[in-house]
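Descriptive analysis of the structure
One-letter residues, chain by chain:
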Amino acid sequence: MSNSKKKVDWYKTVLGSRRIVEEMVVKSETQSNQIDTLEIMLSSKGSGSQKVGTLTTEQQVKVEDDIRQIYESILDDGQLPTLETTQHRSFVKYFLETNLPAGFIALDASHTWMIFWLVNSFLLLGGKIDEDMSNRISENILSYLNEDGGFGGGAGLISHVVSSYAAVMALCLSNDHHVLDKIDRQKTYEWLLSLKLEDGSFCMYKGGEVDTRAVYCALVIASVLGILTPELVAGTAEWLGRCQTFEGGFGGVPGDEAHGGYSFCAVAALSILGPPQEIITRHCDLKNLVKWSVNRQFQLEGGMNGRTNKLVDGCYSHWVGGIFPFLELATQCDLLDRAALKNYILICCQEENGGLRDKPGKRPDFYHTNYVLCGLSLCQHKAKHDPALMTEKLGASAFAYRVERIKDPQEDPANFIEPLHPIFGIPMNTVLKNREL
Amino acid sequence: MHGVKREQLSKDAKQRKKERDAFKISHYRQLTDSVLADKQKNIFNNDTLDETSRLLDLNPEFYTVWNYRRDIITNHVFSNLKDSQAAHTFILKELQFVGKQLKSYPKVYWIWNHRKWLIEQDDLFDLKQEMALIDKMLTMDSRNYHVWAYRRYVVGLVQDKMEHEEDIILSNREEFNYTTKLIEENISNYSAWHNRSQLLQKLLNSKTEGFEDKYSFLVKELSFLQNAYYTDPDDSAVWVYLRWLLSPFFLKDLPQDKRNSILNDQLRDIKELNESEIEDSGKPNAWCLKSISYVQKMMNQHV
Ligand SMILES: [Zn+2]
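Residues numbered from 1 in each chain as written. Chains lettered and ligands numbered in written order. Predicted model: local features only at pLDDT ≥ 70, side-chain atom pairs only at ≥ 80, totals over all residues. Heavy atoms only, no water.

Spelled out, the test is: UniProt positions are given in the numbering used here, feature names are shortened, and annotations may be inferred rather than shown by experiment.
As annotated in an unreviewed UniProt entry, chain B carries the name Geranylgeranyl transferase type-2 subunit alpha and comes from Komagataella phaffii. Looking at the Catalytic activity (unreviewed entry) heading of the UniProt record, one finds this comment for chain B: "geranylgeranyl diphosphate + L-cysteinyl-[protein] = S-geranylgeranyl-L-cysteinyl-[protein] + diphosphate". Within the UniProt record for chain B, the comment given under Sequence similarities (unreviewed entry) is "Belongs to the protein prenyltransferase subunit alpha family."

The name that an unreviewed UniProt entry assigns to chain A is Protein farnesyltransferase subunit beta, with the source organism given as Komagataella phaffii. The Sequence similarities (unreviewed entry) comment attached to chain A in UniProt states, word for word, "Belongs to the protein prenyltransferase subunit beta family." We quote the UniProt Catalytic activity (unreviewed entry) comment for chain A here in full: "L-cysteinyl-[protein] + (2E,6E)-farnesyl diphosphate = S-(2E,6E)-farnesyl-L-cysteinyl-[protein] + diphosphate".

Below, the structure is given as structure tokens:
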């Protein structure tokens, strides 16, 4: 079956109408460049209704009006913005090197996160880490390592699984090949095991909350440190499957509403336990998941939201967009309108003075800078899962990815960004480097 | 790029802000150091409790301090109380503190986590009062993910204490009616639709009045839904929910004739809605088209 025929069939099961579907596929295959895509985006009437004045629709209509205006002015100019790599890199570097103003106190318990977001953004933008920066990263991060084998979010803070994820990822990014050996793997393993609950899920810290983020973070840590065991993940895939809602996405815990962030965590965590094409169908309803994920992308805005009837937000380019590599592997066809997402990111999410943001009118921050860049990387690459890289070992699947740049002669090299590991959310080469050891 | 231009601070204002920031930071640092040092030494008394209040006012995201506060309450406050009435009084005061925090920071995990823990510690706590707070918070933001999760949690606690099956059913019914009310206020409230989907499965299982047979329930629910999609045919929440009501989950248990009659009625109504959309705007409605094709697929599937 040709890819295009397959794609039509997939969309048909997902979206229903053959007419809409064929239009979409024809559209996507004749898109010669971003400007054409922009025209198609503008031809959408938008999803906000003009009919009733509920608050939800009012906000949606306002966002659409703003973005439509921005897109129209771009079409008038005929000039698409490119990625302001230098600006963004200096935005990130400035914060990596300076003390933070008081407004950032709320992030005080999130030191490992700040370092992770900033360094990850820096690397995605092609930055190089010198020895000095490498030392500062690992010294900083290791100072948050606790006796119990977990990392706190900052100095003196108790171990927390989400902070520990950010810490371990930041160490992978630090360009120091031996730094992970400074972690006592046995201790970390026992700590993770102590957070495991009987139903297969994990909690954030002893007495802390449970959700799919905790599961994802625990599994990533174990996977990168090579301490994933059947005991640690017994019942986990089944628990994740129970978090899928009738809508198709995943809630934070069974019974909660489907949500972009929790869905990414659930799908990526499952994909640590096996190749997506096998594990997703085994533990959840793939068709429903595709349907829900595809519905997150707005036709007019091109970007994504995290829940039904919420507004577009740049960070979901990663949280929802990041589900697509797995879905594309499981279905063997293209499901994401990458050109439209790229337009949203480049036109709506870049701040003039550097940094990336949720949507026009919002301030850039570290979090959005990182996840919008992850989304942009997704737009330029395609993930393959290579059985030749697989071994019998539990968790080996996570290291069997090849991520390749999508060949597009129209793509301005100024927009190039590093390929991202679909599960870990860090540049491919940093994963490979740590794997070789 | 194309952003809303923000006003630049004048040089003087910048300097003043810098000084204010420096003061805030040094005050915050001192307090943090002192709290973390006391935590390290396991000091549990009224002073350290107050200290954590002050620090949490400055930074409610400080999960370690919430954790420390919990240890102080367990090891100091509770161990010095004479009975559960005294514990109850203390917890009410503590809940006020947490409530104040939630007002300003309704999306901080640790605050919700602390609240959950508190009400679990109090045997005399009136959960009805908690439901009133939840209702109020949902009036402020009807899509707050944390509040919805907390609502399901508190309802779960209420039901755990119930001895009779009928009371549990009644409670689910009240929750179901609450989603009806919210949806009637705003059909775009997908969180309400989601909660409805959870509750109706429980009610169908209990076969209580109005839910005893899937067919009559479906007919009623579809007519409720129809009101919604006629109100706003562009609202995705309604269509997502419709598709679920017409999925094998519901249809598989129906006799052929009833199944057909439901699908036929839906097909007719959605087509009609689509026609009127074409008259209004010159374009068919995408959600109508998708739903028509879905209904047709379901019709063919069984034949
Ligand atoms: Zn965001």
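Having seen the structure, we can now continue with the description.
1. Concerning the overall build of chain B
Rules: Segments assigned H or I by DSSP are reported as helices when at least four residues long, segments assigned E as strands when at least two residues long, and all are numbered from the N terminus. It is over C-alpha atoms that the radius of gyration is taken, and the globule rule equals 2.2 Å times the number of residues to the power 0.38. Exposed residues in this analysis have more than 50% of their type's maximum accessible area, buried residues have under 20%, and partly exposed residues fall in between, with area computed by a 1.4 Å probe over protein chains only. Contacts are residue-level and defined by heavy atoms, with any inter-residue pair within 4.5 Å sufficient. Note on areas: Shrake-Rupley with a 1.4 Å probe; residue coverage comes only from the protein chains shown. Counting rule applied: Lys, Arg positive; Asp, Glu negative; His and chain ends not counted. Charged groups are reduced to one reference atom each: NZ for lysine, CZ for arginine, CG for aspartic acid, CD for glutamic acid.
Counting secondary structure elements, chain B contains 14 helices and zero strands. Taking 19 Å as the expected radius of gyration for a compact globule of 303 residues, we find that chain B reaches 27 Å, considerably beyond that expectation. In terms of overall dimensions, chain B has a C-alpha envelope of 75 × 60 × 30 Å along the principal axes. Out of the 303 residues belonging to chain B, those deemed buried represent 51%. Contacts in chain B between residues far apart in sequence, at least 24 positions, make up 64% of those at least 6 positions apart. Accessible surface, chain B as shown: approximately 15,400 Å² in total, 51% of it carbon and sulfur. For chain B, the distance from the average position of its 44 positive side-chain charges to the average position of its 46 negative side-chain charges is 7 Å.

2. Brief notes about the overall build of chain A
Counting secondary structure elements, chain A contains 19 helices and two strands. Among the 437 residues that make up chain A, the fraction classed as buried is 63%. For chain A, the share of sequence-separated contacts (at least 6 apart) that also reach a separation of at least 24 residues comes to 67%. With the model as given, the accessible surface of chain A reaches about 16,100 Å², and the carbon-plus-sulfur share is 51%.

3. Re the coordination of the zinc ion
Residue and element names in this part refer to chain A. The condition is simple: For Na, K and Ca the donor cut-off is 3.2 Å, and for all other metals it is 2.8 Å, counting N, O and S atoms only; because water is absent from this set, sites may look incomplete.
Distances from the zinc ion to its protein donors, Asp-313 (OD), Asp-313 (OD), Cys-315 (SG) and His-368 (NE2), fall within 2.0 to 2.5 Å. Of note, the donors binding the zinc ion are all from one chain and are spaced D-x1-C-x52-H. Cys-315 matches Asp-313 in its accessibility class, with the two residues each being buried.

4. Section: the pattern of salt bridges
Residue and element names in this part refer to chain A. Here is the rule: Here a salt bridge means any side-chain nitrogen of Lys or Arg lying within 4 Å of a carboxyl oxygen belonging to Asp or Glu.
Under the definition given, this model contains 28 salt bridges over all chains. In this structure, Lys-342 engages Glu-411 in a salt bridge whose closest nitrogen and oxygen atoms are separated by 2.8 Å. One end of the pair, Lys-342, is in helix α17 (residues 338-348); the other, Glu-411, is in the loop between β2 (401-405) and α19 (428-435), and 69 residues separate them in sequence. Overall, the relative accessible area of 5% leaves Lys-342 in the buried class. With a relative accessible area of 13%, Glu-411 lands in the buried category. One salt-bridge network, in which partners are shared between bridges, spans Glu-328, Asp-334, Arg-338 and Lys-382.

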